[in-house]
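# Examination of the molecular architecture
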Amino acid sequence: MKFDTSGFETSMPMIGFGSSSDLLDGFSSVPSFDLPRTTDFDGFQKEAVQMVKPAKGTTTLAFIFKEGVMVAADSRASMGGYISSQSVKKIIEINPYMLGTMAGGAADCQFWHRNLGIKCRLHELANKRRISVSGASKLLANMLYSYRGMGLSVGTMIAGWDETGPGLYYVDNEGGRLKGDRFSVGSGSPYAYGVLDSGYKFDMSVAEASELARRSIYHATFRDGASGGVASVYHVGPKGWTKLSGDDVGELHYHYYPVTPAIAEQVMEEAAAE
Amino acid sequence: MARYDRAITVFSPDGHLFQVEYALEAVRKGNAAVGVRGTDAVVLAVEKKSTPKLQDSRSARKIVSLDNHIALACAGLKADARVLINKARIECQSHRLTLEDPVTVEYITRYIAGLQQKYTQSGGVRPFGLSTLIVGFDPYTRIPSLYQTDPSGTFSAWKANATGRNSNSIREFLEKNYKETSGQETVKLAIRALLEVVESGGKNIEVAVMTREEGGLRQLEEAEIDAIVAEIEAEKAAAEAAKKGPSKET
């Protein structure tokens, strides 16, 4: 599998001028596109990106622990200061053993994750074995890299379980791809990192880890205006992913900080019905 | 500017692709090659036509690595082989780059077979004139495999197979004598099969082994091959003697 070059297959392979085109054949170049006519291409790129403004208003996190991978996210979609939805599914089920998280442009994330799911399935059919998490994340990163500078806004984590165990990769619209144990992506990520990093241990049970994930999302939604809605928590184990919980963060607040009824000094009694 | 879009490989009225069949003829004239799959080792053995005295035999290796865990031997047009091998090597690395995993034997076989097929259905080109034997161990599962491809672009997995000159007789021998082997026994079986059609002697045979533990392709030295050939001859002689012995007494 190489960079997608299906569009460039011609019926005239190897027009006899041989070696240079031969060798390059394997390292097929990134799909080419017309460059805009401007003297300052970098400035133009920056402008174009700013226009779409990938603010990534959200909080998503994922971490690897003893029992697999825990993935959690909020569910708020905001357009500037307007909350457009409180019930967005930000954890995308690529296939029964791989999850992707959504941060950035909702449409971009949804489309590219679905596209990745198709590629993973085709790989399975062609090779009679599941694609590895590193392979899947690499496919996505390569696709995003080829659209670099064109205004895609995707900050995603690919979490899954393959032959080598649990896997977690961070992939973004710049084409960056990082392997790691703990990631949080989005405007609420600083707050989530605070809670996640201080509470993290590798040897946690599934219950402890899911509680840590849920609490981290909750704290991020408390402080970050662009995050809110429902804190969903998923677990990826050797047999695939399962959804563990989806709690409204408003209710979670009172779960963590219950209101103690103040002891009244004077009690108003109901007037007698007369 | 000349246009290379006229197809050369076209159907005959009775459904044959003659160019492909002629390519198979070229394969049949090539040197004999044998591949055997054991439980923990895979062996390739190729007939070496006598090397001219001044030729540096190391430059004319017939068994090559495609990657650390995959090896290939072929029969047919050696120049075509070079092109195919180079493309396959690039594909092995490309796969490592895009999927962060080494190729499986089946994958690279499928790729090579796909290439061979493409050249039977493209304008201005002729098919590759070679059949390949591809051996290796899959990454992670470490399962050994042996595959064969041919100029038509078909491929299949084998426990043991031969291609090139007199491949039919070698295959017959293998069918009669194949059993699950491991380690040195696999090497012996491959050499015994090749000796059916080749003059015995280390300088007429090139042998390479890949084992599960070691990984990597190991080319056997001439002296080693001579030793194994001697063992095989001794076993043969003993078998002959055993056959003659009892019958004399009756």
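If you're wondering where the values come from, they're calculated on a predicted model, not measured in any experiment. (Residues numbered from 1 in each chain as written. Chains lettered and ligands numbered in written order. Predicted model: local features only at pLDDT ≥ 70, side-chain atom pairs only at ≥ 80, totals over all residues. Heavy atoms only, no water.)

### Here's the deal with the side chain of Thr186(B)
All names here are of chain B.
- You can see Thr-186 is positioned in helix 5 (residues 184-195).
- Under the relative-accessibility criterion, Thr-186 is labelled buried at 0%.
- Within the structure, Thr-186 has its side chain in polar contact with the backbone nitrogen of Ser-182 (distance 3.5 Å).
- Not counting chain neighbours up to four residues away, the residues in contact with Thr-186 comprise Val-36, Arg-37, Gly-38, Ala-41, Val-43 and Thr-181. (Helix = DSSP H or I, 4+ residues; strand = E, 2+ residues; numbered from the N terminus. Buried < 20%, exposed > 50% of the residue type's maximum accessible area, 1.4 Å probe, protein only. Polar contact = N/O pair within 3.5 Å; in protein donor to acceptor, adjacent residues only side chain to side chain. Contact = heavy atoms within 4.5 Å.)

### A few points about the pattern of salt bridges
All names here are of chain A.
- Tallying each qualifying case throughout the model produces 23 salt bridges over all chains.
- Of the charged contacts, one joins Asp-197 and Arg-182 as a salt bridge, the two residues approaching to 2.8 Å between their closest N and O atoms. Here the residue Asp-197 occupies a position in helix 5 (residues 189-199), and Arg-182 occupies one in strand 10 (residues 182-185), the gap between them amounting to 15 residues.
- Of the residues examined, Asp-197 reaches a relative accessible area of 37% and is grouped as partly exposed.
- On the accessibility criterion, Arg-182 (30% relative accessible area) is partly exposed. (Salt bridge = Lys/Arg side-chain N within 4 Å of Asp/Glu carboxyl O.)

### Some points on the nonpolar core
All names here are of chain B.
- Among the nonpolar cores identified, the biggest contains 27 residues, and Val-34, Ile-191 and Val-207 are the most heavily contacted of them.
- At the level of elements, strand 1 (33-37), strand 2 (41-47), strand 8 (160-163), helix 4 (167-177), helix 5, strand 9 (205-211) and helix 6 (222-249) are the ones that each hand at least two residues to this core.
- Excluding residues that lie within four positions of it along the chain, Ile-191 makes contacts with Ile-205, Val-207, Ile-225, Ile-228, Val-229 and Ile-232. (Core = buried A, V, L, I, M, F, W, Y, C linked by side-chain atoms within 4.5 Å.)

### So, the UniProt feature "active site" (unreviewed entry) in chain A
Residues and elements named next belong to chain A.
- Following the UniProt record, one finds the feature "active site" (unreviewed entry) at Thr-58.
- Among the secondary structure elements, Thr-58 is positioned in the loop between helix 2 (41-52) and strand 1 (60-65).
- Judged by its relative accessible area of 2%, Thr-58 falls in the buried class.
- Apart from residues no more than four positions distant in its own chain, Thr-58 is found in contact with Asp-74, Lys-90, Met-102, Ala-103, Val-185, Gly-186, Ser-187, Gly-188, Asp-224, Ala-226 and Ser-227.
- At a separation of 2.8 Å, a polar atom in the side chain of Thr-58 contacts the side chain of Asp-74. (UniProt positions renumbered as here; feature names shortened; annotations may be inferred.)

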